[in-house]
Amino acid sequence: MAYQTYDSPWHILNKEFLSILSPDAALYGYYAKLLLAGLPHTSDVNLIEFVIYYLVKYTPFTIDQVLYFGPAFFASLVVIPTMLIAKIYFDSRLVIVAIGISSSIGFGYYSRTYLGYFDTDVLNTFFPLMALFGMILTIKTNNFRYILISGIASYLYLAWYHSSEPLVYGMVGWFIVYGVVFHFKNSEIYKASIVLALSIVPIDFEYQLALLAIVFIFFHFLSINYKYFLALFLVALGFALYKIDIGQFAFHANRYLFKGETFSSGNYNFLSPMQLVAEAITVDYKEAIQLLAGNTFIFVLSVIGYVYMIVKKREFILALPLLVLGLVSLKAGLRFHIYGVSVLMISFWFLFYDRLVHYQTKKIYLYGVIILLFACISFENYKSVKYWNTQVAIPVFTPTQVQVLNQLKKIGSPKDHIVTWWDYGWPLWYYTQMKTLIDNGRHHQDNYIVSKIFLTNSQKESNHLIHLFYEASNNLRGSAFQTVQRKHKDMQKVFETLKTKDMTKKKTSQKYLFIPFQMIKTLYTIYNFSNLDIKTGKAYSKNIFWEKDILKEDNNAIYLSGGHSIDKRKGTYKTSTNEFFIKNIYQIKQKGVINKITKNKGHKNGLELIMYDGVMGKKLYTMDKKFFNSVFIQMFFFDNYDKKYFEKMITTDQIKLFRVK
């Protein structure tokens with residue numbers, strides 16, 4: 001990826017790669033910066049930010065270099081548990097290496113671990129696979145000592161990833177079920193289950209370490225009937241169930257499978273973000289299969305291989321939680337597919353290798369088939385890697401935007417606020433150290449506020465909303481909406497008052513309105529969060545906003561993507577089902593700070609069209625009056641701002657930045 005993008009103007013600033021290609025990388029980088037500066041913070045995330053902190057502190061690498069190149073190292077570690085598991089079942093080094101490579105660089109795994117994507121995903125499969133390796137080794141050797149591998153991996157995984165509880169508890173529980181069903185009278189399995197259960201109990205590390213050491217030494221020397229270990233196991237299991245939060249299963253199932261996360265405050269109801277967050281949106285079957293195995297052929301054979309493998313090697317059923325979680329990506333969202341990749345690859349190779357060995361295939365033919373299969377998988381890997389490197393993996397902000405943010409950091413302070421959508425929250429923390437009302441991990445009632453700020457047709461109201469709610473966030477208990485509600489009770493009256501009156505008595509921080517060009521892509525999503533009656537939670541009737549590519553033009557029409565077109569003779573805009581009058585067409589050409597606007601009038605009433613030629617290329621934006629008069633459209637496309645309420649700092653084709661007066 002570095003080779004493919006080293007000369008790209010989107011990736012390089014001052015001869016260095018831009019490091020933030022994922023909002024999560026920005027979050028962990030931000031907290032690592034606080035640690036490096038000796039400043040306190042209240043993050044719930046610990047292990048990953050300390051890894052970044054120590055790498056920067058004790059190596060010659062800068063934090064940007066660590067965040068950019070770090071995934072290449074950490075994500076590659078998945079080959080260790082994958083190849084260790086493969087070594088248990090394969091006697092061919094060639095196959096073991098092929099499994100390791102095919103599991104680590106291609107398909108969906110790469111989509112969550114490429115350069116600049118320093119997310120917890122870089123180790124989110126390493127830890128579970130190491131735990132799986134320890135479990136399988138314990139079963140195969142009938143020696144409880146190997147479960148320490150699983151215990152350590154599970155403990156570190158819980159420290160590494162804040163949402164790991166369901167998978168860890170599921171794998172441990174599945175191991176216990178497997179042991180009770182197939183090894184009921186085996187003392188070693190009960191010993192292993194006790195050690196494993198105690199390793200995931202949320203108690204102070206010192207007590208946990210002491211308890212495990214005592215238990216481990218006790219079990220090493222004790223030789224008694226399995227019934228006594230069964231009794232000890234039941235006690236340990238009861239203790240673990242008492243201490244761990246079983247409710248995490250229901251919480252995450254409701255959140256990702258049923259998209260049931262809702263936000264309310266008193267009698268007010270708000271749109272659920274989980275309906276719209278990209279990583280939680282259900283993917284189609286074709287995309288899911290590509291992410292899991294490259295193509296349908298490899299996927300089907302891998303699933304068959306898994307069934308065949310658990311028939312031949314019963315203990316491999318312990319990998320079922322990982323495989324199920326990978327397959328759940330069909331419903332729960334694209335982020336979960338990474339857990340199934342290694343399991344499917346091992347199963348795929350086992351199906352072929354076991355059959356070839358069974359028929360006593362000559363080595364020369366055996367190696368030929370292995371090389372051919374590896375070539376097929378590598379080809380799919382290559383296509384996957386090339387797609388992500390060239391089509392998806394781009395920095396959150398462009399070099400020009402980062403330069404502006406660096407300047408903003410110099411004139412602002414950490415107590416100041418940046419007003420923007422949540423997509424840019426964590427990256428803005430990283431680059432400016434300033435605060436935001438909503439961010440990539442904090443989606444609540446304030447989504448409604450920020451949406452309203454950008455979609456209202458009154459810049460006065462927008463200004464008043466910003467000051468009231470962003471000041472309220474300085475003493476944040478819950479959302480800013482809830483803080484204001486506790487004081488004023490009737491929020492509908494508050495919103496009505498803000499249309500004409502500034503309700504903020506004292507302004508303690510500076511606020512900056514930040515509109516990057518990338519935000520236009522999500523404008524309709526942003527609009528949805530305020531296009532509802534908060535008393536009932538029901539959406540109002542939908543307004544019109546379409547972004548289309550201009551495909552071609554002739555004397556009669558302009559043809560657009562999605563089957564839309566403009567009839568030049570009639571002055572109408574056509575979709576596949578409707579035809580609308582066009583009121584005005586604005587041709588805007590912006591390069592840098594120069595913005596040329598040409599207006600062509602049409603019918604007295606109708607849709608507003610903006611032909612925009614900027615950093616995104618030529619696009620056509622079609623909208624009704626609601627969108628056209630909004631703060632976002634007027635300030636982004638037309639630099640139309642009320643000097644009484646906003647001060648222009650910089651407006652280019654890539655970024656619009658205003659100080660809120």
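What comes next is a walk through the structure. (Residues numbered from 1 in each chain as written. Predicted model: local features only at pLDDT ≥ 70, side-chain atom pairs only at ≥ 80, totals over all residues. Heavy atoms only, no water.)

**Comments concerning the packing of helix H11 (residues 187-199) against helix H12 (residues 205-221)**
Inference 1: The interhelical angle for the contact between H11 and H12, taken along N-to-C directions, is 175°, at an axis separation of 10 Å. As judged from the angle between their axes, H11 and H12 are roughly antiparallel. Across the interface between the two elements, Lys 191, Ile 194, Val 195, Leu 198 and Ser 199 from H11 touch Gln 208, Leu 211, Leu 212, Val 215 and Phe 219 from H12.
Inference 2: Within the contact of H11 with H12, the residues separate by chemical class into seven nonpolar, two polar and one charged. (Axes fitted to C-alpha atoms, helices over the stretch in contact; angles between N-to-C directions. Helix = DSSP H or I, 4+ residues; strand = E, 2+ residues; numbered from the N terminus. Parallel < 35°, antiparallel > 145°, perpendicular 65-115°, else oblique. Contact = heavy atoms within 4.5 Å. Nonpolar A, V, L, I, M, F, W, Y, C, P; charged D, E, K, R; others polar.)

**Concerning the sheet that holds strand S5 (residues 417-419)**
The strands making up a sheet are joined through hydrogen bonds of the backbone, oriented either antiparallel or parallel.
Inference 1: On the basis of which strands lie adjacent, the open sheet formed by four strands has the order S5-S6-S18-S17 and mixed pairing. Edge positions in the sheet fall to S5 and strand S17 (646-651), since each of these pairs with one other strand and no more. Here the average twist between neighbouring strands, direction ignored, is 25°.
Inference 2: Sheet topology note: the strand S6 (residues 511-516)/strand S18 (residues 655-660) ladder contains six bridges and is antiparallel. Within the sheet, the bridge partner assigned to Ile 515 lies in S18 and is Lys 656. (Pairing = 2+ DSSP bridges.)

**Looking at the packing of aromatic side chains**
Inference 1: Applying the stated criterion across every chain yields a total of 57 aromatic pairs.
Inference 2: Geometrically, the ring pair formed by Phe 50 and Tyr 53 is edge-to-face, given 6.3 Å between the ring centres and 90° between the ring planes. Here Phe 50 pairs with Tyr 53, and both are found in helix H3 (residues 47-58), just three residues apart, close to one helical turn.
Inference 3: Given a relative accessible area of 30%, Phe 50 falls into the partly exposed group.
Inference 4: The interplanar angle of 70° and the centroid separation of 5.8 Å between the aromatic rings of Phe 270 and Tyr 448 together place this pair among those described as edge-to-face. Taken together, the positions of Phe 270 in strand S4 (residues 268-270) and Tyr 448 in helix H23 (residues 446-455) put the pair 178 residues apart, joining distant regions of the chain. Both residues of the pair, Phe 270 and Tyr 448, count as buried.
Inference 5: What links up through ring pairs into an aromatic cluster is the set Phe 454, Tyr 524, Tyr 527, Phe 545, Tyr 612, Tyr 621, Phe 627, Phe 632, Phe 636 and Phe 637.
Inference 6: Its guanidinium or amino end placed over the ring of Phe 495, Lys 452 lies 5.5 Å from that ring's centre, counting from NZ or CZ.
Inference 7: Positioned above the aromatic ring of Tyr 559, the side-chain terminus of Lys 552 is 5.4 Å from the ring centre. (Phe/Tyr/Trp six-rings, centres within 6.5 Å; stacked < 30°, edge-to-face > 60°. Buried < 20%, exposed > 50% of the residue type's maximum accessible area, 1.4 Å probe, protein only. Lys NZ or Arg CZ within 6 Å of the ring centre and 35° of its normal.)

**Points about the pairing of strand S9 (residues 545-553)**
Inference 1: Bridge count between S9 and strand S16 (residues 617-623): five bridges; the pairing is antiparallel. Along S16, the bridge assignment pairs Asp 549 with Lys 619.
Inference 2: With three bridges joining them, S9 and strand S10 (residues 557-560) adopt antiparallel strand pairing. Within S10, the residue paired with Ile 550 across the bridge is Leu 560.
Inference 3: Taken together, S9 and the strand that follows it, S10, pair antiparallel across an intervening segment of three residues.

**Regarding helix H2 (residues 23-36)**
Inference 1: Given a rise of 1.5 Å per residue, 14 residues ought to cover 20 Å, and the 20 Å separating the end C-alpha atoms of H2 matches this to within 8%.
Inference 2: Within H2, the full set of buried residues consists of Asp 24, Ala 25, Ala 26, Leu 27, Tyr 28, Gly 29, Tyr 30, Tyr 31, Ala 32, Leu 34 and Leu 35.
Inference 3: Residues of H2 that are buried sit in contact with H3, helix H4 (63-74) and helix H22 (425-432).
Inference 4: Of the residues flanking the end of H2, it is Gly 38, one or two places downstream, whose phi is positive at about 75°. (Expected span 1.5 Å × (residues − 1).)

**Some thoughts on the pattern of salt bridges**
Inference 1: A full pass over the atoms with the stated rule returns 17 salt bridges.
Inference 2: One salt bridge connects Glu 188 with Lys 191, and the closest N-O pair in it is separated by 3.2 Å. Placement of both Glu 188 and Lys 191 in helix H11 is noted, with a separation of three residues, approximately one turn of the helix.
Inference 3: Between Lys 568 and Glu 553 there is a salt bridge, and its shortest N-O distance comes to 2.5 Å. Taken as a pair, Lys 568 in the loop between strand S11 (565-567) and strand S12 (572-574) and Glu 553 in strand S9 lie far apart in primary sequence, 15 residues in all.
Inference 4: What makes Lys 568 partly exposed here is its relative accessible area of 36%. (Salt bridge = Lys/Arg side-chain N within 4 Å of Asp/Glu carboxyl O.)

**Remarks on a nonpolar patch on the surface**
Inference 1: On the surface, Phe 50, Tyr 54 and Tyr 58 cluster together to form a nonpolar patch covering roughly 340 Å² of accessible area.
Inference 2: As for its placement among the helices and strands, Tyr 54 is situated in helix H3.
Inference 3: Given the relative accessible area of 42%, Tyr 54 is considered partly exposed. (Patch = residues over 30% accessible without salt bridge, like charges linked within 9 Å, V, L, I, M, F, W, Y side chains within 5 Å. Areas by Shrake-Rupley, 256 points an atom, 1.4 Å probe, with all protein chains shown as cover.)

**Description of the nonpolar core**
Inference 1: In terms of nonpolar packing, the biggest core is built from 179 residues, with Phe 90 and Leu 513 touching the most fellow members.
Inference 2: Here this core gets 13 residues from one element, more than from any other, and that element is helix H19 (residues 338-358).
Inference 3: Counting residues in hydrophobic clusters, the runner-up holds eleven residues, among them Ile 566, Tyr 573, Leu 607 and Leu 609. (Core = buried A, V, L, I, M, F, W, Y, C linked by side-chain atoms within 4.5 Å.)

**A look at empty space enclosed by the protein**
Inference 1: The tally for this structure, following the rule as stated, stands at one cavity of 30 Å³ or more.
Inference 2: Put simply, the largest cavity is a space of about 40 Å³.
Inference 3: If you go around the largest cavity, the residues you meet are Pro 128, Ala 131, Ser 154, Tyr 157, Leu 167, Val 168, Met 171 and Val 172.
Inference 4: Taken together, the elements giving at least two residues each to the lining of the largest cavity come down to helix H8 (126-141), helix H9 (147-160) and helix H10 (165-182).
Inference 5: For the lining of the largest cavity, the leading source of residues is H10, giving four residues.
Inference 6: Among the residues forming the lining of the largest cavity, the class breakdown is seven nonpolar, one polar and no charged. (1 Å grid on protein atoms, 1.4 Å probe; cavity = no way out; pocket = protein on both sides within 12 Å on 5 of 7 lines; lining within 4 Å. Points joined across faces, edges and corners; volume = space filled by probe spheres on them.)

**What about the packing of helix H25 (residues 480-488) against helix H26 (residues 491-498)?**
The relative placement of two packed helices is expressed as an angle between their axes plus a distance between the axes.
Inference 1: Two numbers describe how H25 lies on H26: the axes approach to 9 Å, and their chain directions differ by 100°. Accordingly, the angle class assigned to the pair H25 and H26 is roughly perpendicular. On the side of H25, the interface is formed by Phe 481, Val 484, Gln 485 and His 488, while H26 contributes Met 491, Val 494 and Phe 495.
Inference 2: Of the residues belonging to the contact of H25 with H26, the class tally is five nonpolar, two polar and no charged.

These figures capture arrangement, not role.
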